[in-house]
Amino acid sequence: MEAHYPKYLLYCLLIAGSWLFSCLLHFQYVHLSLSSSFAAAPRRAALVVLPAALDASFLPAPAVEAADDKRWSASSSVVAAASPSPSSSPSSCEGRYVYMLEIPSRFDMLRDCVPGSPLFDDIWSWCAITVNAGLGPKINGSAGGDTIIPSTGWYSTDQYALEVIFHNWMRHRYDCLTSDPSAATAVYVPYYPALELHQHLCGYNAAARDGPSQAFLRWLSSQPTWAALAGRDHFMVAAKTTWMFRHDPAGGGDNGGCGNNFLGQPESSNMTMLTYESNIWAPLDIAVPYPSYFHPSSAGEVSAWQARARASPRRFLFAFAGARRAKGQLAIRDRVFDVCESAAAARGTCGLVDCSHGLEGSITCRTAGKLVALFASARFCLQPRGDSFMRRSSVDSVMAGCVPVFFHRASTLEAQYRWHEPAAEQGGDGGGRRRRRYYVLLDADDVLEGRVDIEEELSRYSDEEVAEMREEVIRMIPRFLYRDPRVRFEGEMRDAFDITMDGVMERMRRIKNGEDVTLKGVVDDGDDAMAAAGDS
């Protein structure tokens with residue numbers, strides 16, 4: 001044994017020497033890499049996932065499909081990085097970098113959504129909408145065809161959940177985030193003005209309704225990122241209509257009406273605000289679609305749903321889902337109800353989901369299965385205005401491949417969603433195909449005064465004309481849906497997220513080039529602009 005001692009000692013020395021040599025090489029590589037990065041000019045923005053805004057307490061790491069309906073851990077403050085897509089590179093992110101602002105926890109509207117909280121079981125609590133990254137509970141459809149809704153990709157999404165959904169998508173799926181504000185084309189502000197407002201929507205004094213959002217704007221305008229352009233490179237999602245954020249206390253008294261004056265503040269006026277409905281005559285913000293119930297994770301799911309919507313039997317000539325307004329406040333809705341009820345009783349040509357009966361009616365009209373089944377069974381879907389011109393039901397009709405029928409110019413997708421349904425677009429396939437009209441516009445006054453009969457007017461369209469219009473609607477489906485933000489999307493498809501961010505980036509580039517980005521209103525065609533008392 002002693003004779004072998006020098007040999008073992010030599011082996012040990014060789015191993016130790018190899019390890020030391022490897023360490024020296026690694027240190028030299030790191031030293032050279034750091035030196036070259038500090039010497040580089042100009043500095044490129046780093047692709048990173050930032051620390052979560054709102055203290056990240058309510059936004060968990062991206063979940064896979066198996067995590068549906070699980071309550072996300074509020075203690076998960078360290079968020080897993082979303083790996084950049086293969087197509088994401090410094091060159092592809094040129095002019096698209098976004099800095100996501102970190103917001104103090106005192107402005108976190110979901111700070112009470114902690115693990116084990118009974119608020120998750122309260123359907124009226126905002127904690128309920130945080131399930132599945134804001135998509136809501138998964139809808140258990142059927143792959144066998146006994147229900148119109150498939151077994152994957154559909155969720156009971158609250159119509160006001162876009163602030164949460166968009167925040168999750170930016171954090172987990174937007175590949176061009178940067179930790180360097182000076183390298184960013186835009187600054188995303190993940191504040192939730194609609195959720196904040198909903199706590200004191202109606203019947204509170206102006207101080208209660210405006211105070212919290214004004215405090216936030218004071219904080220925001222004091223941040224270093226604000227100074228360069230006075231917030232003109234900032235953007236935010238406000239998941240209600242523009243009218244809900246433009247309540248002038250001077251006009252309605254201290255306790256008058258609903259809403260606040262968040263968008264009437266100077267700081268908000270400088271930012272690019274994304275709402276569900278803009279004032280098309282004098283737009284100060286940009287409308288983006290309501291979230292639907294469909295949030296696919298692959299292009300295959302979208303194609304399969306389009307095929308299902310295309311093949312769905314349309315036994316009703318027209319359909320309507322909604323509620324009457326008390327004391328006949330909305331005459332056009334009452335007329336639509338009367339027409340549909342009469343047609344259903346006499347000829348079976350109208351399908352109706354009545355949401356008028358208090359809590360039961362409200363729950364019925366938030367049941368995706370009933371709404372989608374109704375709209376997928378009708379040729380035309382009636383979309384009279386609600387408390388304001390735009391309705392989530394209009395987006396639901398697109399998802400179901402149902403030709404929307406509007407009664408006001410300001411209710412049309414063409415007038416509201418200029419980025420997602422641009423009037424000049426030549427079809428959705430990039431082949432230069434001439435776009436056909438996909439909706440019907442009836443004048444509300446003509447309907448109310450008896451000059452136009454809804455059923456008679458819609459009956460004039462031939463089967464071929466309806467099929468062509470329906471095909472245009474079905475082609476639009478990808479542009480009006482928001483993908484599942486928790487998973488990497490499989491396949492190629494541009495959705496509402498992509499189109500929104502393209503619009504935001506183009507607007508920011510023009511601002512930084514000193515161009516005029518004032519939004520132009522549409523020519524008044526007889527509809528009166530109004531400040532609504534609530535959302536539809």
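Every value quoted in this text rests on a predicted model; they were computed, and no experiment measured them.

Draft legend 1. Examining the confidence of the model for the protein chain more closely. For the protein chain, per-residue confidence averages 80 on the pLDDT scale, and 74% of positions sit at 70 or higher. Long-range and interchain partners of residues 1-5, a stretch whose pLDDT sits below 50, account for 0 contacts in this model, where long-range means more than four residues apart. Counted against residues more than four places away or in other chains, residues 21-87, with its pLDDT under 50, gives 117 contacts.

Draft legend 2. Region of interest: the sheet that holds strand 3 (residues 234-237). Within the open sheet, the 5 strands sit side by side as 1-2-3-4-5. Their pairing is parallel. Edge strands, defined here as strands with exactly one partner in the open sheet, are strand 1 (98-100) and strand 5 (286-287). Both strand 2 (residues 186-188) and strand 3 contribute to a ladder of 2 bridges, which runs parallel. Opposite Tyr 188, over in strand 3, you have Phe 235 as the bridge partner. Strand contacts of helix 2 (residues 162-173): strand 1, strand 2 and strand 3, with the helix running at about 130° to strand 3, the strand carrying the most contacts.

Draft legend 3. Representation of the sheet that holds strand 6 (residues 316-322). The strand order across the open sheet built from 5 strands is 7-6-8-9-10, with neighbouring strands paired in parallel fashion. Strand pairing shows two members of the sheet lacking a second neighbour, strand 7 (350-354) and strand 10 (440-441), which therefore form its edges. Relative to strand 10, strand 9 (residues 403-406) is paired through 2 bridges, and the arrangement is parallel. Bridge pairing in strand 10 places Val 405 opposite Val 440. Each of strand 8 (378-383), strand 9 and strand 10 is contacted by helix 16 (residues 463-476), which is oriented at about 95° to strand 9, the strand it contacts most.

Rules used in this analysis
- Residues numbered from 1 in each chain as written.
- Predicted model: local features only at pLDDT ≥ 70, side-chain atom pairs only at ≥ 80, totals over all residues.
- Heavy atoms only, no water.
- pLDDT = per-residue confidence, 0-100.
- Contact = heavy atoms within 4.5 Å.
- Pairing = 2+ DSSP bridges.
- Helix = DSSP H or I, 4+ residues; strand = E, 2+ residues; numbered from the N terminus.
- Axes fitted to C-alpha atoms, helices over the stretch in contact; angles between N-to-C directions.

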